[in-house]
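Per-entry structural report
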Amino acid sequence: EPEVTQTPSHQVTQMGQEVILRCVPISNHLYFYWYRQILGQKVEFLVSFYNNEISEKSEIFDDQFSVERPDGSNFTLKIRSTKLEDSAMYFCASRGLYEQYFGPGTRLTVT
Amino acid sequence: QQQVKQSPQSLIVQKGGISIINCAYENTAFDYFPWYQQFPGKGPALLIAIRPDVSEKKEGRFTISFNKSAKQFSLHIMDSQPGDSATYFCAASNLGGATNKLIFGTGTLLAVQP
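Remember, predicted model here, so these are calculated numbers, not experimental data.

About the criteria used
Residues numbered from 1 in each chain as written. Chains lettered and ligands numbered in written order. Predicted model: local features only at pLDDT ≥ 70, side-chain atom pairs only at ≥ 80, totals over all residues. Heavy atoms only, no water. Helix = DSSP H or I, 4+ residues; strand = E, 2+ residues; numbered from the N terminus. Rg over C-alpha atoms; globule rule 2.2 N^0.38 Å. Contact = heavy atoms within 4.5 Å. Areas by Shrake-Rupley, 256 points an atom, 1.4 Å probe, with all protein chains shown as cover. Lys, Arg positive; Asp, Glu negative; His and termini not counted. Charge placed at Lys NZ, Arg CZ, Asp CG, Glu CD. Buried area = accessible area lost by both parts, 1.4 Å probe. Polar contact = N/O pair within 3.5 Å; in protein donor to acceptor, adjacent residues only side chain to side chain. Nonpolar A, V, L, I, M, F, W, Y, C, P; charged D, E, K, R; others polar. Pairing = 2+ DSSP bridges. Axes fitted to C-alpha atoms, helices over the stretch in contact; angles between N-to-C directions. Buried < 20%, exposed > 50% of the residue type's maximum accessible area, 1.4 Å probe, protein only.

A few points about the overall build of chain A
Scanning chain A from terminus to terminus reveals zero helices and eleven strands. Relative to the compact-globule value of 13 Å for 111 residues, chain A shows a C-alpha radius of gyration of 13 Å, a close match. Each of the three principal axes of chain A carries a C-alpha extent, and together these read 40 × 25 × 25 Å. Pairs at least 24 residues apart make up 53% of the contacts formed inside chain A by residues separated by at least 6 positions. Split by element, the accessible area of chain A, about 5,800 Å² in all, is 46% carbon and sulfur. Charge centroids of chain A, computed over 10 positive and 14 negative side chains, lie 3 Å from each other.

Considerations on the interface of chain B and chain A
Between chain B and chain A, the residue contacts involve 18 residues of the former and 20 residues of the latter. Of the roughly 1,700 Å² buried at the junction of chain B and chain A (both faces included), carbon and sulfur atoms supply 58%. When residues of chain B are sorted by the area they lose upon contact with chain A, B:Thr99, B:Lys101 and B:Phe104 head the list and together hold 29% of the total. Here chain B and chain A share nine residue pairs in polar contact (both at pLDDT 80 or more) between them. Its residues assigned to classes, the side of chain B that touches chain A shows eight nonpolar, seven polar and three charged.

Description of the sheet that holds strand E1 (residues 4–7) of chain B
Residues and elements named next belong to chain B. Spatial strand order, E1-E3-E8-E7-E6: five strands in an open sheet with antiparallel pairing. What marks the edges here is a single partner per strand, and that holds for E1 and strand E6 (56–59). When the angles between neighbouring strand axes are averaged without regard to direction, this sheet yields 15°. Pairing of strand E3 (residues 19–25) with strand E8 (residues 72–77) involves six bridges; the strand directions are antiparallel. Residue pairing in the sheet places Ile20 in a bridge with His76 of E8.

Considering the pairing of strand E5 (residues 43–50) of chain A
Residues and elements named next belong to chain A. Among the eight residues in E5, six count as buried, and that is most of the element. Sheet topology places strand E4 (residues 31–37) next to E5; seven bridges connect them, and they run antiparallel. Of the residues in E5, the one forming a bridge with Tyr35 is Phe45. Between the antiparallel neighbours E4 and E5 lie five residues, among them Gly40 with a positive phi of about 80°. Bridging between E5 and strand E6 (residues 53–57) involves four bridges; their strand directions are antiparallel. Looking across to E6, one finds that Tyr50 is bridged to Glu53.

The following block contains the structure:
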């Protein structure tokens with residue numbers, strides 16, 4: 001069964017450093033998303049991506065964040081200068097018709 | 001208006017019992033309502049979803065009930081098992097919107113006691 005994969009599973013970084021979180025969406029999906037979940041809280045929408053451009057972004061997705069689909073399979077989230085409050089689980093999701101399927105997540109810890 | 005309210009925050013059910021989790025929304029543009037199951041350290045897994053053209057959808061032991069006029073929907077887990085112990089999130093989306101982003105509820109931690 002096709003699935004969304006994410007790497008790394010855990011990333012530890014120092015405040016101010018750049019991180020890149022990687023995702024491989026389900027191959028025939030066209031819509032891609034990043035969500036964030038702070039420990040013990042609900043899942044929050046960050047950004048959606050379609051046709052090689054951002055279609056919507058939330059208030060959380062400020063200038064420190066960027067997304068890219070560098071090739072036909074990968075979808076990346078970059079945080080340019082990490083802050084302590086960026087510590088969270090980051091989930092990639094991809095969508096076919098209606099259903100969004102989530103990856104296992106990357107736990108980002110900013111120290 | 002983008003919020004989805006979910007209750008209860010936590011739920012303890014005996015094995016074999018029925019687990020019921022409720023959600024309410026305000027935005028009438030929402031037209032897709034999925035439920036996700038999340039185990040600790042894992043990503044949300046799509047469990048079941050409903051469109052507002054039906055009032056109920058059943059898949060195995062899981063049933064969604066939908067009340068369009070009340071803008072409420074609920075998840076029923078019949079014959080609850082210890083393996084069902086997880087956090088359950090309801091969500092809502094506008095399929096006619098530009099992005100179909102999911103708006104999640106706050107989650108319900110379900111514990112099924114053996």
